[in-house]
Amino acid sequence: MLTLTNLRKTFGRTVAVDDLSLKIEQGSIFGFLGPNGAGKSTTINMAVGLLRPDSGTVDLDGRGDPSDAAVRALIGVAPQAIALYDEMTATENLVLFATLYGLSRTAASNRSRELLEVIGLSDRRDHRVKTYSGGMKRRLNLAAALLHDPPLVMLDEPTAGVDPQSRNAILDLVRTMRDQGRTVVYTTHYMEEAARLCDRVAIIDHGKLLALDTVDGLIARFGGHSVVTIQRGANEDRIETNDPVAELSSRLRGNDISGVRIDRPDLESVFLHLTGRSLRD
Amino acid sequence: MRAVWAMALKDIRLLLRDRMGCFFALVFPLCIAIFFGSIFGGGGGGKGIQVAVVDEDLTPGSSAYIAALKDGDELVVKTEIATAGPDEVTSQQPLTRETATNLVRRGKLDAYIIITKGFGKARDNIFSGNSMRLEVGVDPARKAAVGMLEGVLTKYAFERMAESFADPKKMREQAKTSLAEIQKSPTTNPLLKPAAERFFGTLDGFLAVMPDSSTSDAATGENAGANGVVGVGGVGGGGWQPVKIETSAVLPDGPVIKNAYAITFPQGIIWGVMGCAQSFGLSMAMERSKGTLVRLRAAPIRRWQVLAGKALACFLFTIAICALLLLLARFGFGVVPTSLPLVALAVVSIAICFVGIMMLLAVAGKTERGSGGLAWGIMLLLSMIGGGMIPLEFMPGWMKTISVISPIRWSISALEAGVWRGLGIADIALPVVILVAIGIVGFMLGLRAYAMNESD
């Protein structure tokens with residue numbers, strides 16, 4: 001669906017994206033995972049035509065790069081900043097953006113109504129956006145990316161700063177997009193989200209692509225061992241293993257066991273392994 | 001085009017919902033118009049008044065008076081006009097009453113001064129009872145300049161008297177000549193003749209014992225002249241007026257101006273237009289800082305369409321503001337435009353001009369604060385040098401000269417032409433062409449800068 005080849009972008013002396021190449025398949029959720037400033041948004045911005053790469057190419061489904069308006073029409077974008085007009089209502093915002101994507105007045109109104117229903121803002125559709133909570137704005141920001149029913153949706157940190165309820169609603173919506181056959185590119189610095197949502201994850205840091213695989217594949221390759229911790233009174237045994245269940249069952253003998261814990265490797269472990277530092281640093 | 005319309009309507013909607021923006025676009029200019037209309041009564045006055053002087057007397061006395069006016073610091077004197085002959089060779093011709101009136105009517109000069117026949121003779125014989133008669137026509141927009149102008153004209157007329165007092169010998173000759181003329185004049189009241197004889201006899205005696213100032217430290221001519229205005233003018237208040245200045249307003253050919261608001265509303269309207277341009281220019285920085293520009297740029301529309309939407313919104317809103325203020329002027333303050341088509345042409349050209357300025361403001365600043373400061377700075381500067389804050393006639397000559405670079409000046413000229421000056425299409429052509437040219441150049445430069453800014 002989307003092919004990035006040897007993308008490079010610098011801002012002054014800072015290399016934001018360095019020789020990045022990858023392919024994103026249709027109908028999947030593709031995650032860009034990395035800390036703030038890793039180059040995720042710059043990559044997205046080049047992929048949607050907002051930034052011109054210094055070198056390298058972007059190709060969307062064999063139709064060319066997004067500097068062509070017809071190619072951009074295939075992409076829906078939810079920028080990291082909430083890109084809405086505060087002084088306008090939800091409906092006015094959505095109708096405006098739908099019009100920019102070529103929908104007729106009637107189609108724009110109908111589609112806006114439909115999406116407001118989906119994101120749970122129907123009852124607030126005629127209220128100005130400035131009266132919304134952060135989570136409501138995020139949902140509306142995401143809905144604006146779906147107005148023209150695009151096959152590719154780029155979501156740049158779509159859950160930044162939202163309450164757990166809105167986060168869950170957004171994640172559900174993203175899964176629904178994939179189920180409808182859309183390709184979703186999802187940038188985040190929350191590893192839990194990437195693990196829960198993404199079919200494949202690219203780990204990116206300092207503009208470089210460090211690893212690309214499924215979540216399980218990344219953990220298997222870079223996550224290290226699971227750790228089984230068995231407590232016996234004041235003592236604690238920690239055992240590193242690739243098969244924590246087998247390890248645990250073989251050691252569960254005797255009646256002096258006061259506690260058991262299995263710590264499986266996760267994307268945090270992967271990032272730590274790849275960069276030598278925590279994702280949250 | 002639907003996308004451009006959609007973005008234009010969005011910008012208008014946002015401005016209408018922005019109370020502060022509406023204040024600066026509508027209420028503030030109204031306050032300006034009313035404020036200036038109230039305190040100035042339509043105009044100003046001050047140093048550097050530009051005048052046309054027409055010499056109908058053509059005597060050494062009138063020539064000397066013109067030379068004195070030219071030498072003084074107070075006035076910028078124009079006595080000739082370039083005229084193209086049949087062979088298209090341009091030559092300088094003395095101003096006539098008609099050409100001078102037209103120059104004032106078109107706002108090229110602040111006033112005209114006609115030196116009437118007999119001025120030189122009266123100047124040389126100041127006690128003859130004849131007045132040095134001057135006809136002054138003043139641009140109604142420069143009404144406040146009248147007082148100063150009359151003072152300056154009187155001052156230079158009385159300098160002659162000061163010179164005479166400084167030269168008793170010459171003064172005695174003048175007194176004798178004047179007395180002879182009064183005695184033989186058939187129109188002089190017979191009762192006045194004995195009084196004149198006594199006065200001139202006393203004066204002659206006084207002058208006979210007065211030292212010659214050419215060899216003394218008597219007051220300078222300037223001081224003597226200034227004092228002379230007060231002293232002799234006071235005496236003359238009853239029947240004798242050595243200097244007679246007849247002042248009139250140079251009104252347009254069309255309907256007569258009923259009030260000062262006709263003159264100050266164009267100024268107020270320009271403030272409204274500046275408010276519009278500033279608001280729309282600033283909105284681009286807001287789009288950038290709030291992230292909505294990213295969504296607009298990600299949409300399948302061309303880059304120029306984003307700016308075209310803003311340009312269209314600015315154009316429509318500017319025209320709406322002008323129309324609204326003109327309606328307020330008409331129905332609230334009794335300002336009846338002399339030509340609606342000319343007003344419409346002026347408004348459209350002003351809107352085009354300020355769309356161009358808005359485009360430059362839109363791309364000039366990266367942040368809201370930076371853009372806001374820059375917009376106000378530029379607008380204030382253009383307004384200051386263009387007569388939007390302080391009327392041009394208050395400014396020194398060099399500032400009047402550089403005011404030609406300000407679109408505010410041309411905007412006010414264009415509006416005045418149709419609001420109260422009663423001028424024709426030929427007179428408004430230059431301001432209109434300049435305003436449209438500024439608009440087009442601004443639009444093109446803005447587009448180019450936007451393309452460069454947003455590509456990286």
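Residues numbered from 1 in each chain as written. Chains lettered and ligands numbered in written order. Predicted model: local features only at pLDDT ≥ 70, side-chain atom pairs only at ≥ 80, totals over all residues.

**A few points about the overall build of chain A**
The helix and strand inventory of chain A stands at 10 helices and 12 strands. Across the 281 residues of chain A, 43% fall into the buried class. For chain A, restricting intrachain contacts to residue pairs at least 6 apart in sequence, the fraction spanning at least 24 positions comes to 67%. (Helix = DSSP H or I, 4+ residues; strand = E, 2+ residues; numbered from the N terminus. Buried ≥ 20, exposed ≤ 12 C-beta atoms within 10 Å, placed from the backbone. Contact = placed C-beta atoms within 7 Å.)

**Side note on the overall build of chain B**
For chain B, the count of helices and strands is 17 helices and 7 strands. Within chain B, the proportion of its 456 residues that are buried is 47%. Sequence separation of 24 or more characterises 80% of the internal contacts of chain B that already satisfy a separation of 6 or more.

**Details of the pairing of strand 1 (residues 49–55) of chain B**
All names here are of chain B. Burial within strand 1 is extensive, with 6 of its 7 residues counted as buried. Sheet topology places strand 1 next to strand 2 (residues 75–78); 4 bridges connect them, and they run parallel. Pairing of Ala52 across the sheet is with Lys78, part of strand 2. Regarding the hand of the β-α-β motif, the stretch spanning strand 1, helix 3 (residues 60–71) and strand 2 is right-handed. Bridging between strand 1 and strand 5 (residues 111–115) involves 5 bridges; their strand directions are parallel. Across the sheet, residue Ala52 finds its bridge partner in strand 5, namely Tyr112. (Pairing = 2+ DSSP bridges. Right-handed = clockwise from strand over helix to strand, strands pointing away.)

**Some words on the confidence of the model for chain A**
In the predicted model, chain A carries a mean pLDDT of 89, and 98% of its residues have values of at least 70. Within chain A, helix 9 (residues 244–251) of chain A has the poorest average pLDDT of any element, 82, and helix 3 (residues 90–100) of chain A the best, 95. (pLDDT = per-residue confidence, 0-100.)

**A short note on the interface of chain B and chain A**
The interface is formed by 22 residues belonging to chain B together with 23 residues belonging to chain A. Only helix 1 (2–16) and helix 11 (292–298) of chain B provide two or more residues apiece to the side of chain B that touches chain A.

**Observations concerning the nonpolar core**
Counting 162 residues, the largest nonpolar core has Met154(A), Val273(B), Ala277(B), Cys314(B), Phe354(B), Val355(B) and Met358(B) as the members making the most contacts within it. Apart from residues lying up to four places away in sequence, Val355(B) is in contact with Ala311(B), Cys314(B), Phe315(B), Gly439(B) and Phe443(B). One finds Tyr65(B), Tyr112(B), Phe158(B) and Val250(B) within the second-largest nonpolar core, a separate group that totals 34 residues. (Core = buried A, V, L, I, M, F, W, Y, C linked by C-beta atoms within 7 Å.)

**Comments concerning the environment of Gly161(A)**
Residue and element names in this part refer to chain A. Tracing the backbone shows Gly161 in the loop between strand 6 (152–156) and helix 6 (164–179). Gly161 gets classed as exposed once you count the C-beta atoms within 10 Å, which come to 12. Spatially, the C-alpha atom of Gly161 lies 7.7 Å from that of Gly135, the residues being 26 residues apart in sequence.

**Quick word on the sheet that holds strand 11 (residues 235–241) of chain A**
Residue and element names in this part refer to chain A. The strand order 11-10-12 describes an open sheet built from 3 strands, whose pairing is antiparallel. If you trace the sheet from one side to the other, it starts and ends with strand 11 and strand 12 (259–263), each paired once. Within this sheet the neighbouring strands show an average axis-to-axis angle of 15°, counted without direction. For strand 10 (residues 226–232) and strand 12, the ladder comprises 5 bridges, and the chain directions are antiparallel. Residue pairing for strand 12: Thr229 is matched across the bridge by Arg261. (Axes fitted to C-alpha atoms, helices over the stretch in contact; angles between N-to-C directions.)

**Here's the deal with the environment of Phe443(B)**
Residue and element names in this part refer to chain B. With respect to the element layout, Phe443 can be found in helix 17 (residues 425–455). When the 21 C-beta atoms within 10 Å are taken as the criterion, Phe443 is described as buried. Distance from Phe443 to Ile352, taken between C-alpha atoms, is 9.1 Å for residues 91 residues apart in sequence. Sequence-distant contacts of Phe443, defined by excluding residues within four places in its chain, comprise Ala311, Val355, Gly356 and Met359.

**Section: the environment of Val118(A)**
Within the secondary structure, Val118(A) sits in helix 4 (residues 105–118). In the structure, Val118(A) is positioned 21 residues away from Arg139(A) in sequence and 9.6 Å away in space, judged by C-alpha atoms.

**Examining the packing of helix 10 (residues 261–290) of chain B against helix 16 (residues 407–421) of chain B**
A pair of packed helices is characterised by two quantities: the angle between their axes and the separation of those axes. All names here are of chain B. One can describe the packing of helix 10 onto helix 16 by two numbers: an axis separation of 9 Å at closest approach and a directional angle of 135°. With respect to each other, helix 10 and helix 16 are oriented oblique. Along this stretch, helix 10 crosses helix 16, giving a crossing that reads as right-handed. Two secondary-structure elements touch here, helix 10 through Ala262, Ile263, Phe265, Pro266, Gln267, Ile269, Ile270 and Val273 and helix 16 through Ile408, Ser411, Ile412, Leu415, Glu416, Val419 and Trp420. Its residues placed into classes, the contact of helix 10 with helix 16 shows 12 nonpolar, 2 polar and 1 charged. (Parallel < 35°, antiparallel > 145°, perpendicular 65-115°, else oblique. Left-handed = near helix turned anticlockwise from the far one by under 90°. Nonpolar A, V, L, I, M, F, W, Y, C, P; charged D, E, K, R; others polar.)

**Let's talk about the packing of helix 10 of chain B against helix 14 (residues 368–386) of chain B**
Residue and element names in this part refer to chain B. Where helix 10 contacts helix 14, the axes come no closer than 9 Å and their chain directions differ by 160°. By the angle class used here, helix 10 and helix 14 are roughly antiparallel. Handedness of the crossing formed by helix 10 with helix 14: right-handed. Counted together, Met274, Gln278, Gly281, Leu282, Ala285, Met286 and Ser289 of helix 10 and Glu368, Ser371, Gly372, Ala375, Met379 and Ser383 of helix 14 form the full contact between these two elements. Residues of the contact of helix 10 with helix 14, tallied by class, amount to 6 nonpolar, 6 polar and 1 charged.

**What about the sheet that holds strand 8 (residues 200–205) of chain A?**
Residue and element names in this part refer to chain A. Read from one edge of the open sheet, 6 strands run 5-6-7-3-8-9, paired in mixed fashion. The strands lining the two open edges of the sheet, one partner per strand, are strand 5 (75–78) and strand 9 (208–213). Averaged over all adjacent pairs, the angle separating strand axes in this sheet is 15°, with direction ignored. Relative to the sheet, helix 8 (residues 215–222) contacts strand 8 and strand 9, its axis offset from that of strand 9 by approximately 110°.

**Observations concerning helix 4 of chain A**
Because each turn of an α-helix spans 3.6 residues, side chains separated by three or four positions end up pointing in the same direction. All names here are of chain A. Taking 1.5 Å per residue, 14 residues should reach 20 Å; helix 4 reaches 20 Å between its end C-alpha atoms and fits that length. Residues Ala108, Arg111, Ser112, Leu115 and Leu116 constitute the buried set of helix 4. Buried residues of helix 4, seen end-on, are gathered within an arc of 135° and therefore sit on one face of the element. Helix 4 presents Thr106 and Glu117 as exposed residues on the side facing more than 90 degrees away from its buried surface. Structurally, helix 4 contributes buried residues whose contacts are with helix 3 and helix 5 (134–143). Two residues or fewer past helix 4, Gly120 is found with a positive phi of approximately 75°. (Expected span 1.5 Å × (residues − 1). Arc of directions from axis to C-beta.)

**Points about unusual backbone geometry**
Residue and element names in this part refer to chain A. One non-glycine residue with positive phi stands out, namely Asn6, at about 50°. Here Asn6 shows up in strand 1 (residues 2–11). Assessed through the 12 C-beta atoms surrounding it within 10 Å, Asn6 is described here as exposed. Backbone geometry places Asp19, a non-glycine residue, at a positive phi of 55°. By the secondary structure assignment, Asp19 is in strand 2 (residues 14–24). By C-beta crowding, Asp19 is classed as partly exposed, having 14 other C-beta atoms within 10 Å.

**Describing helix 1 of chain B**
Taking 1.5 Å per residue as the helical rise, helix 1 of chain B with its 15 residues ought to reach 21 Å, and the 21 Å between its terminal C-alpha atoms agrees with that figure. Taken together, the buried positions of helix 1 of chain B are Ala3(B), Val4(B), Ala6(B), Met7(B), Ala8(B), Lys10(B), Asp11(B), Leu14(B) and Leu15(B).

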